[in-house]
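As a plain string of letters, each chain reads:
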Amino acid sequence: RSFPERSESHLIFVGLQKIKEDVPSKNKKSQFVSISKNYRSVIRACMEELQQNAGKRHMTHIVSILLAIELIWNLCEVLFIDAAPAGSLLLHLLDWVRLHKSDVDARAREVLQSDSPAHHQSYWDVVISLVLQGRVDEARQVLSKQASLRAESSSVFKRMDVLLHTMPIFNPTGTQTLTEFDVKWRHWHEECDRCLQDNTFASNRHLETICKILVGDEDTILEQKELLSTWYHFLVTRLLFTHPTIKPPDLHYYAQSSMSMFLGLRASPEPLDIILLSAFEFDLHQVIKDCSIALNNWWFVAHLTDLLDHCKLLQSHNLHFGSNLREFLVLEYASGLFTHHSLWQLAVDYFDHCPEFGRVYLELQIERVPLDTERKAIKVLRICEDRQMSEQVRSICKIMAKRALRNNRLGSALSWSIRAKDAAFATLISERFLQDYCNKGSFTDLDLLDNLGPAMLLSDRLTFLGKYREFHRLYGENRFSEAAKLLLSLMTAKIAPRSLWMTLLTDALPLLEQKEVKTQTTHALQSHFTLDEDIESTKTELLRLALARNLAMAIVKEGTIET
Amino acid sequence: MFVAKSIAADHKDLIHDVSYDFHGRRMATCSSDQSVKVWDKGDDGEWHCTASWKTHSGSVWRVTWAHPEFGQVLASCSFDRTAAVWEEIVGESNDKQRGQSHWIKRTTLVDSRTSVTDVKFAPKHMGLMLTTCSADGVVRIYEAPDVMNLSQWSLQHEISCKLSCSCISWNPSSSRAHPPMIAVGSDDSNVTYSGKVQIYEYNENTRKYAKAETLMTVTDPVHDIAFAPNLGRSFHVLAIATKDVRIFKLIPMRRESANSSGPTKFEVQVMAQFDSHNSQVWRVSWNITSTLLASSGDDGCVRLWKANYMDNWKCTGILRGDGSPVNGSGHAAALSAVGVPAAAQMVVGAASAGRKKAQLMPG
């Protein structure tokens, strides 16, 4: 399964962390609402993708979890993030219900597109469903199909049409205050009640039912259980027709009673119901806790809690609790990401935004990322280097160096040792290079050796290796006096390893025969070799002879030129 | 969510230990058939046995990996009173094609006069150090002074624990605030020395290990012990497999004076105790971030334990091994070993079935 929602939500998360503290809270609120909507669209996109692949049993299970998650998130957005005041609150709740009960639209379409809508078996179900959702204009539209048929009863339908048409809906952006709206609504409510008392709709039981709903008769609304299908739909409908100016703190009274009334005595609430109830009770802690347990989905609780924390909603509890809970959940989510072969890179950003334990979690987990390829190792290294995780850098480079050495890739091993700043290992590998040279007569990895630069100074042996290669290069380019001077400086600096002195002598000999090599240099080289005591004595003798001969030649030549 | 997968290990006798390498891509198993097997996880996600060889002349009790900074190195310990260090050598190209690799013995440690019951490498910041414990109650700490030469090990410390030892665990913390610390568990039935877990700490001045603490409340035989990864906390967390699962918190107490010598004193608290296995618990193993503890027991189950943000520990999952009922005694546990390098995967060696091994991965 690909995880597009992981990378999308990762982007949203990172964007959220960047919202500055000093932005005025009013602007921030709209930003937070927007972010909340972005997260929800990620959930919906995921659901749509899964539903397209529907048919597999465990997919439907996942889809139902996602539905629950979106439902809860949406409610949290309405109640906590948008935090709508009385008036708007009910409108938002209506939107929430409408969004999660979308079968009404399908049925309405089916009815309206049929040959004779008024005679369709679902006709009245559709009308009532629309009324229950407060979609009065659409209800009127469907009702008009009926009215045109029965001329004699058209006055009754006209009456209902008027009731529906005049139902006051609060306009948050308008000039009307909540109090003014309330007055208007009560007038309308009384009007509906009068119709019932006058038996206006006695001739049509459906219209009578609708009128009772408009009046807010709880028993009648409850009778529409099948059309409502959930207790929270019942709650919102109930509020719409009895208490449209409901204030947030008063919600929980109605929520609890709605749930009890709807479920009745036999049915017991499911985990989802409990979570929604906790939300209506504005008990955020309970919502998060129950979601963590019931939904087994760290993605959801981590991102939602993080957003709520940014809205400063978790701080109403004691100070440590809030940030610890958010960080705990984000760490948990990110740790899960880390086990994935490609998503682990997303996890890094999450850890970066966990001030208390993020760094140590990242340190512990990143060094366990399998270093399958050099490319992957470099990716991991960059992350560590960017964060000054020097011990992890050293360790990863060491592991790569060791692995390269085992596979006899000396150049790679050396590069990694240099990157690890591991002088001891660099020394060891330099010695292997030199051994190889002694055995084969040539160097490998010339590119690397020629371009060591200041890294050469990491260890004496490495410096020698670099310089010795340079010596060979100069020699190859026939720059003999420079080569000789370099060789001399190597001997003077005493960084030539003992094991190589014979080799160096052998290298020096042909040099001494070169014309450009000055007498002075030759003298100095000779004195170095003669002062040495460790070389086998016969060899020493031979060399002394050879050197003496060369020196003699040089003197003769110089002498010849002078005279 | 976990998905169980079974791998036929083809050991000819009980499997006593299973160990992941540092990156979770290699695995080693050891058995009463005296051999060790190494398994590699291929690109296909399947485990392939890439080496199998006789390591000892007795049951092999434990096998453990060195940190990859030291190369591909394993250590094993056995009833034959020895511990051994093995290194993988890069083989011929046709070996590679066949997917086989060779391991050669670098050294045998023969100091113990009794069965060597556990072998562990010390944390890498201490260098290349190997620790063994034996049935005669001696813990030995060896060091390889030249990490490139695995044949040379010198015995640096011998700690006499007075009780038959069954398991050891190093505190992985590399913080300078914590001196090196090792926990030793005992399965001795001796009642005189009733505390079956001892903590030893290294003293910079005396250059020796001294006993810092004995967990007196652990009176039953201890089968496994594991320090949790440290996370920069000032206190230490230690899990113990005994007749139940126990998690201890060790809080170092402030020294009275700056010059006071002697090991650190600890306040010991029980963080959690679980008897859900309702039988002997054989192994405990932490994940990388110490947020998850796995335990295996004679009830044939692996249980996962997790703390919430309020530090309350709860069981977060139960996994059955091969599902066969447990019978027999001693080490014939249905699930004898657990290795949890990450929350991602966990490996369990099924000893009673003898041959099979179940691998459990997140679904």
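As named in an unreviewed UniProt entry, chain B is Nucleoporin seh1, taken from Sinocyclocheilus anshuiensis. As recorded by UniProt, the Sequence similarities (unreviewed entry) comment attached to chain B reads in full: "Belongs to the WD repeat SEC13 family."

By the naming in an unreviewed UniProt entry, chain A goes by Nuclear pore complex protein Nup85 and is assigned to Sinocyclocheilus anshuiensis. Here is the UniProt Subcellular location (unreviewed entry) comment for chain A, exactly as written: "Nucleus, Nuclear pore complex". Word for word, the UniProt comment on chain A under Function (unreviewed entry) is "Functions as a component of the nuclear pore complex (NPC)."

### A word on the overall build of chain B
Check the secondary structure of chain B and you find one helix and 28 strands. Taking all 363 residues of chain B together, the buried fraction comes to 59%. Contacts in chain B between residues far apart in sequence, at least 24 positions, make up 49% of those at least 6 positions apart. Accessible surface, chain B: about 14,900 Å² in total, of which carbon and sulfur atoms supply 47%.

### Focus on the pairing of strand β15 (residues 181-186) of chain B
Residues and elements named next belong to chain B. Buried residues dominate β15, accounting for six of its six residues. Sheet analysis places strand β14 (residues 165-170) next to β15, joined by five bridges and oriented antiparallel. The residue of β15 that forms the bridge with Ser169 is Ala183. As paired strands, β15 and strand β16 (residues 197-203) are joined by five bridges and run antiparallel to one another. What sits directly across from Ala183, in β16, is Ile199.

### A look at the interface of chain A and chain B
Often, the extent of an interface is quoted as the loss of accessible area on bringing the components together. With 29 residues of chain A at the contact, the number on the chain B side is 25 residues. For the chain A and chain B pair, buried surface summed over both sides reaches about 2,600 Å², with 62% attributable to carbon and sulfur atoms. Broken down residue by residue, the surface that chain A buries against chain B is led by Arg368(A), Lys402(A) and Arg406(A), which jointly contribute 27%. The interface formed by chain A and chain B contains five salt bridges. One salt bridge in this structure joins Asp372(A) and Arg25(B), with 2.8 Å as the shortest N-O distance. Between chain A and chain B we count eight residue pairs in polar contact (both at pLDDT 80 or more) in total. Contributing elements (two or more residues each) for the side of chain A that touches chain B: α18 (319-338), α20 (358-366), α22 (390-406) and α24 (423-440) of chain A. Looking at the side of chain A that touches chain B element by element, the count peaks at eight residues for α22(A). Classifying every residue of the side of chain A that touches chain B by side-chain character gives 15 nonpolar, five polar and nine charged.

### Focus: the pattern of salt bridges
Side-chain pairs of opposite charge can arise where the charged atoms are in close proximity. On inspection of all chains with the given rule, the structure shows 50 salt bridges over all chains. Across the salt bridge formed by Lys440(A) and Asp436(A), the nearest N and O atoms sit 3.6 Å from each other. Here Lys440(A) and its partner Asp436(A) are both found in helix α24, four residues apart, which amounts to about one turn of the helix. Judged by relative accessible area, Lys440(A) falls into the exposed class, the value being 55%. We note a salt bridge from Arg140(B) to Glu158(B), for which the minimum N-O separation is 3.0 Å. In this pair, Arg140(B) is assigned in strand β12 (residues 138-143) and Glu158(B) in strand β13 (residues 154-160), connecting sequence segments 18 residues apart. Within the structure, one salt-bridge network assembled from shared partners comprises Asp450(A), Arg469(A), Arg473(A), Glu477(A), Arg479(A) and Glu482(A).

### Notes on the sheet that holds β14(B)
In sheet architecture, strand pairing relies on hydrogen bonds along the backbone and comes in two forms, parallel and antiparallel. Residues and elements named next belong to chain B. One open sheet holds the four strands; their spatial order is β14-β15-β16-β17, and the pairing between them is antiparallel. Two strands lie at the open edges of the sheet, namely β14 and β17 (208-215), each paired on one side alone. Ignoring strand direction, the axes of neighbouring strands in this sheet form an average angle of 25 degrees.

### Details of the UniProt feature "repeat: WD" (unreviewed entry) in chain B
All names here are of chain B. The UniProt record marks residues 8-40 and 274-306 with the feature "repeat: WD" (unreviewed entry), using the residue numbering of this structure. Secondary structure over residues 8-40 splits into 0% helix and 58% strand, and the C-alpha atoms at its two ends are 14 Å apart. Counting secondary structure, residues 274-306 comes out at 0% helix and 58% strand; the distance between its end C-alpha atoms is 12 Å.

### Digging into the sheet that holds strand β3 (residues 26-31) of chain B
All names here are of chain B. Taken in spatial order, the four strands make up an open sheet running β2-β3-β4-β5, and their pairing is antiparallel. Across the chains shown, the open sheet's two edge strands, defined by having one partner strand only, are β2 (15-20) and β5 (47-54). Direction aside, the axes of adjacent strands within the sheet are offset by 20 degrees on average.

### What to know about unusual backbone geometry
A positive phi is found at Asn478(A), a non-glycine position, where the angle reads about 60 degrees. The phi torsion at Asp10(B) lies on the positive side, around 60 degrees, for a residue other than glycine. Following the sequence through the fold, Asp10(B) ends up in the loop between β1 (2-8) and β2.

### With respect to the packing of α22(A) against α24(A)
Residue and element names in this part refer to chain A. Running from N to C, α22 and α24 point in directions that differ by 20 degrees, and their axes come no closer than 12 Å. Relative to α24, α22 is oriented roughly parallel. Pair α22 / α24 crosses with left-handed handedness. Residues Lys398, Ala401, Lys402 and Leu405 of α22 pack against Phe425, Leu428, Ile429 and Arg432 of α24. Across the contact of α22 with α24, the residue classes break down as five nonpolar, no polar and three charged.

### What to know about the nonpolar core
Leu214(A), Trp231(A), Phe280(A) and Phe300(A) are the most contacted members of the largest nonpolar core, which totals 182 residues. Sorting elements by how many residues they give to this core places helix α3 (residues 57-81) of chain A first, with 13 residues. When residues of this core are sorted by domain, at least three fall in each of domain 1 (4-83 + 283-361) and domain 2 (97-281) of chain A. Each residue touching Phe300(A), except ones within four places of it in the same chain, is listed here: Ile69(A), Ile72(A), Trp73(A), Cys291(A) and Leu295(A). Among the nonpolar cores identified, the runner-up in size contains 18 residues, and Ala66(B), Val73(B), Cys77(B) and Val116(B) belong to it.

### What to know about the packing of aromatic side chains
This structure, assessed with the given rule, holds 34 aromatic pairs over all chains. Geometrically, the ring pair formed by Trp61(B) and Phe79(B) is edge-to-face, given 6.3 Å between the ring centres and 90 degrees between the ring planes. Taken together, the residues Trp61(B) in strand β6 (residues 60-65) and Phe79(B) in the loop between β7 (73-78) and β8 (83-89) connect sequence positions 18 residues apart. Classification of Phe79(B) by relative accessible area gives exposed; the value is 53%. Pairwise contacts between aromatic rings join Tyr437(A), Phe443(A), Phe464(A), Tyr468(A), Phe471(A), Tyr475(A) and Phe480(A) into one cluster. Here the basic side chain of Lys225(A) rests over the ring of Phe262(A), its NZ or CZ set 5.3 Å away from the ring centre.

### Points about the pairing of β8(B)
All names here are of chain B. Here β8 lies mainly inside the structure; six of its seven residues are buried. Across five bridges, the pairing between β7 and β8 is antiparallel. The residue of β8 that forms the bridge with Ser76 is Ala84. Count of turn residues in the β7/β8 antiparallel hairpin: four residues, of which Arg81 carries a positive phi of about 75 degrees. The pairing of β8 with strand β9 (residues 102-109) spans seven bridges and is antiparallel. Its bridge partner being in β9, Ala84 is matched across the sheet by Thr108.

### Digging into the packing of α24(A) against helix α26 (residues 460-476) of chain A
Describing two packed helices takes the angle between their axes plus the distance from one axis to the other. All names here are of chain A. Between α24 and α26, the shortest axis-to-axis distance is 8 Å and the interhelical angle comes to 35 degrees. Where α24 crosses over α26, the two elements pack in a sense that is left-handed. Note on element contacts: α26 touches α24 through Arg461, Leu462, Phe464, Leu465, Tyr468 and His472, opposite Ala426, Thr427, Ser430, Glu431, Phe433, Leu434 and Tyr437.

The rules behind each value
Residues numbered from 1 in each chain as written. Chains lettered and ligands numbered in written order. Predicted model: local features only at pLDDT ≥ 70, side-chain atom pairs only at ≥ 80, totals over all residues. Heavy atoms only, no water. UniProt positions renumbered as here; feature names shortened; annotations may be inferred. Helix = DSSP H or I, 4+ residues; strand = E, 2+ residues; numbered from the N terminus. Buried < 20%, exposed > 50% of the residue type's maximum accessible area, 1.4 Å probe, protein only. Contact = heavy atoms within 4.5 Å. Areas by Shrake-Rupley, 256 points an atom, 1.4 Å probe, with all protein chains shown as cover. Pairing = 2+ DSSP bridges. Buried area = accessible area lost by both parts, 1.4 Å probe. Salt bridge = Lys/Arg side-chain N within 4 Å of Asp/Glu carboxyl O. Polar contact = N/O pair within 3.5 Å; in protein donor to acceptor, adjacent residues only side chain to side chain. Nonpolar A, V, L, I, M, F, W, Y, C, P; charged D, E, K, R; others polar. Axes fitted to C-alpha atoms, helices over the stretch in contact; angles between N-to-C directions. Parallel < 35°, antiparallel > 145°, perpendicular 65-115°, else oblique. Left-handed = near helix turned anticlockwise from the far one by under 90°. Core = buried A, V, L, I, M, F, W, Y, C linked by side-chain atoms within 4.5 Å. Domains from an automatic or database assignment. Phe/Tyr/Trp six-rings, centres within 6.5 Å; stacked < 30°, edge-to-face > 60°. Lys NZ or Arg CZ within 6 Å of the ring centre and 35° of its normal.

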